[in-house]
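Each chain, written out:
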Amino acid sequence: MESFIFYFAKTSALLAIFFLAYYFLLRKETFFTANRWFLLAGIATSLFLPKVILVKTVSIEPAVTARYIPIETAKAPIAFETIPNAGEELSSPSFTEAENSVITTEPLMVEEPAFEINWMYVIIGIYLIGMLFFLGKFIRDFRALRKIIRNQAVELNGGFKFLDTDKIQSPFSFFNYIVYNSKRFRKEELENILEHEKVHSSQKHSVDMIISQLFCVIFWFNPFAWLHKKAIAQNLEFIADSIALKAVPDRIIYQKTLLKVSAPHQCIPITNHFFQSLIKKRIVMLNTDQSKKRNSWKYAIVLPLLTIFMLQFQVETVAQEKEDEQVQAQQRNNYEVRVDKNSTDDYLKAQSKIFKNNHGIDLKFSRIKRNSDKEIIAIKTTYKDKSGNSGNSYLKSDEPIQPFLLSKEDDKVVVSNVPAVYGSFNTPTVYGKFKNNSSPVAMTYKTGMPVMPTPPTPPVMPNIPTLPNAPTFPQLPTPPTPPTTPYDENSAAWKKFDEQIKKFEAEMNSKEGEIAKFEEAMEKFAAQVEATYTKDVEKQMEEFEKKMEVFEQQMEVYAKQFEEQMEKDSRNR
């Protein structure tokens, strides 16, 4: 259970690295597609990187161990001391007063152990309850989506399935389904909405939403999981807005459409719906200039952080005793391996490889069956040596197999039962023993490994002087709320709403001058920021990139040396 807790903690830390990097460095950049893959990479990295373990082998001097020497049984009978008057009858024993006295004892009171709460079970229970709750919510969302799509007329056009229904208020898309309510929008507004949803559908944004939703189901206790999911949904809207804007004829009408649907509606979380609560941010991003390519250095900021994470938490140090040349030569000549019910498939394959590469003996394990506890209950062993000698053995039972030994002696393979002396050792799960009259030792292939190169230190951000205040986006008029009744051009409520829309459009047109001034002010502000510290950052990043190139070359050399050392150790065993 502790391993799961450590895994969840590492996953949460890695996700926090990616989210904070996105929030502080990439959120305001217009690299929307790159941000999409960056956010998805954050989920994948946080799930799989904690499973990657780097092994560092340290050679140590052999430990002095006590040897068990069995006591030999005496060959002659033990002489017992003669008992005087042994042939006479024994008289009744005499007791003193103290010996004849009666001793009474009270019943022994055994205290029952006090009830203690197992907090580990409490934590597991709370986690499972939360996960089942959010999983049930996820399933309900799918059912609600199916209820909307089922038994509806669908129009096929260009690979998309258009579904016009009055069951919804806000348009949305799910894979190639695009669902909308045409009664709530004008023709040009509906065209803008459909262009937006086509982008979601064609780029399979529903996959991103499902992945992020399932991630939140499993890691519901992690606040960064929910923030990460929100960032993914928001960035997908930025992608759809930026692409749809190229296809619509009028930018202003598109922004007005965003405002018209800004009234909150009930939406299904796993879908890409046109309505988003952060309408202001979407409008700001629509009017933001494209980010410069040189700002893409920000994506690399997570690499040194991930490297530090690996070096701090994912390096496992393995101690291995040094062996002299005489012992190694004896190990190469005589080799013995133990197979028992807990032997893994990887372990058996490794032993077959050792027999083949080091001793020229074909050793194969087949027809392996295991019970529900992963214990071996059947195994067939076949072997053939250089001299043409061959043989096989087959063990099969309803119970786990008894351990047996495979010995390589003078180019021959000998199969035998495990001697009783093996029971005297605290042997590890993976067994291996060289016949040198020494204690059994665990098999290992990690000897004399090269030292991993140290990654370069990332550049330190320069001291940023006080910058001028960023310009404030002009305050926009509040859009009118549409009637809740179905659209009817003769309805008094909808006529009033049309008048309010016209008034709102007039107010929006009056704001175009302020928006243009805001764009000019933003350009000046960006130029001031760039002149203040961007050049220093770029210079440091160029130096850092050169060091990273050197580091990558060193890592390639390290990987090659690692493989060569592994092959060398395998041949020496």
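Residues numbered from 1 in each chain as written. Predicted model: local features only at pLDDT ≥ 70, side-chain atom pairs only at ≥ 80, totals over all residues. Heavy atoms only, no water.

When you go through the protein residue by residue, the secondary structure sums to 14 helices and 14 strands. Contacts in the protein between residues far apart in sequence, at least 24 positions, make up 70% of those at least 6 positions apart. About 36500 Å² of surface is accessible on the protein, with carbon and sulfur atoms providing 55% of the total. (Helix = DSSP H or I, 4+ residues; strand = E, 2+ residues; numbered from the N terminus. Contact = heavy atoms within 4.5 Å. Areas by Shrake-Rupley, 256 points an atom, 1.4 Å probe, with all protein chains shown as cover.)

So, on to the pattern of salt bridges. According to the stated counting rule, one finds seven salt bridges in the structure shown. R338 is the salt-bridge partner of D340, the closest N and O atoms lying 4.0 Å from each other. The two residues D340 and R338 agree in class, both being buried. (Salt bridge = Lys/Arg side-chain N within 4 Å of Asp/Glu carboxyl O. Buried < 20%, exposed > 50% of the residue type's maximum accessible area, 1.4 Å probe, protein only.)

Turning our eyes to something else, we now look at empty space enclosed by the protein. Applying the stated criterion to the full structure yields four cavities of 30 Å³ or more. If you add up the space inside the largest cavity, you get close to 40 Å³. Counting residues per element, the ones that place at least two in the lining of the largest cavity are α8 (251–260) and α14 (512–572). The element that contributes the greatest number of residues to the lining of the largest cavity is α8, accounting for three residues. Per-class residue counts for the lining of the largest cavity are three nonpolar, one polar and two charged. (1 Å grid on protein atoms, 1.4 Å probe; cavity = no way out; pocket = protein on both sides within 12 Å on 5 of 7 lines; lining within 4 Å. Points joined across faces, edges and corners; volume = space filled by probe spheres on them. Nonpolar A, V, L, I, M, F, W, Y, C, P; charged D, E, K, R; others polar.)

The next thing to look at is the sheet that holds strand β10 (residues 376–384). Pairing within the open sheet is antiparallel, and its three strands lie in the order β9-β10-β11. Every interior strand has two partners, whereas the edge strands, β9 (362–370) and β11 (390–396), have only one. Along the sheet, successive strands turn relative to each other by an average axial angle of 10°, direction set aside. Direction of pairing for β10 relative to β11: antiparallel, over a ladder of seven bridges. The partner of A378 across the bridge, within β11, is K396. This element, helix α12 (residues 345–359), spans β9 and β10 of the sheet and lies at about 165° to β9. (Pairing = 2+ DSSP bridges. Axes fitted to C-alpha atoms, helices over the stretch in contact; angles between N-to-C directions.)

What follows deals with helix α4 (residues 119–149). The terminal C-alpha atoms of α4, which comprises 31 residues, lie 45 Å apart, in line with the 45 Å expected from a rise of 1.5 Å per residue. Taken as a whole, α4 has its buried residues at Y127, G130, F138, D141, L145, I148 and I149. Among the residues trailing α4, N151 stands out with phi positive, at a value near 60°. (Expected span 1.5 Å × (residues − 1).)

Turning to the packing of aromatic side chains, a few remarks are in order. Enumeration according to the criterion identifies 24 aromatic pairs in this entry. Both rings, one in F138 and one in F142, keep their centres 5.1 Å apart while their planes meet at 75°; by these two values the pair is edge-to-face. Taken together, the positions of F138 and F142, both in helix α4 and four residues apart, correspond to about one turn of that helix. F138 gets classed as buried once you look at its relative accessible area, which sits at 8%. Cluster of aromatic residues (ring-pair linked, three or more members): Y7, F8, Y127, F133, F134, F215, F219, W220, F221 and W226. In this structure, K51 is placed above the aromatic ring of Y7, and the distance from its NZ or CZ to the ring centre is 4.8 Å. (Phe/Tyr/Trp six-rings, centres within 6.5 Å; stacked < 30°, edge-to-face > 60°. Lys NZ or Arg CZ within 6 Å of the ring centre and 35° of its normal.)

Put simply, helix α5 (residues 187–202) and α8 touch, their axes get as near as 9 Å, and they point 90° apart. The angle between α5 and α8 places the two elements in the roughly perpendicular class. In contact with E188, E189, N192, I193 and H196 of α5, α8 contributes I253, Y254, T257 and K260. Among the residues forming the contact of α5 with α8, the class breakdown is three nonpolar, three polar and three charged. (Parallel < 35°, antiparallel > 145°, perpendicular 65-115°, else oblique.)

Let us now look at the pairing of β9. The side chains of a regular strand alternate, residue by residue, between the two faces of the sheet. The sheet contact formed by β9 and β10 spans seven bridges and is antiparallel. Note that in β10 the partner of K369 across the bridge is A378. Counting the residues that bridge the hairpin from β9 to β10 gives five residues, and of these K374 lies at a positive phi of roughly 65°.

Taken together, the side chains of E542, E543, E545, E549, E552 and E556 present a region of like negative charge at the surface. Here E549 is to be found in helix α14. (Patch = residues over 30% accessible without salt bridge, like charges linked within 9 Å, V, L, I, M, F, W, Y side chains within 5 Å. Lys, Arg positive; Asp, Glu negative; His and termini not counted. Charge placed at Lys NZ, Arg CZ, Asp CG, Glu CD.)

Further remarks concern the packing of helix α2 (residues 32–48) against helix α6 (residues 205–218). α6 packs onto α2 with a crossing angle of 35° between their chain directions and a minimal axis gap of 11 Å. In this structure, the crossing between α2 and α6 has a hand that is left-handed. Within the contact between the two elements, α2 uses R36, L40, I43, S46 and L47 and α6 uses H205, D208, I211, S212 and F215. Residues of the contact of α2 with α6, tallied by class, amount to five nonpolar, three polar and two charged. (Left-handed = near helix turned anticlockwise from the far one by under 90°.)

Right, let's get into the nonpolar core. In terms of nonpolar packing, the biggest core is built from 35 residues, with Y22, F38, L49, F215, F219 and A225 touching the most fellow members. Elements that contribute at least two residues to this core include exactly α1 (2–26), α2, α6, α7 (223–247) and α10 (302–313). Considering each element in turn, this core owes the most residues, nine residues, to α1. Excluding anything up to four places from it in sequence, L49 contacts L14, L306, F309, M310 and Q314. (Core = buried A, V, L, I, M, F, W, Y, C linked by side-chain atoms within 4.5 Å.)

A separate point is the side chain of E375. Tracing the sequence through the fold places E375 in the loop between β9 and β10. Once residues within four sequence positions are removed from consideration, E375 is found in contact with K341, N342, K369, R370 and P400.

With that settled, consider unusual backbone geometry. The phi angle at N151 is positive, at roughly 60°, despite the residue not being glycine. Mapped onto the elements of the fold, N151 is located in the loop between α4 and β2 (155–157). In the Ramachandran plot, K204 falls in the positive-phi region, its phi being about 55° despite a non-glycine side chain. Mapped onto the fold, K204 is located in the loop between α5 and α6. Judged by relative accessible area, which is 41%, K204 ranks as partly exposed.

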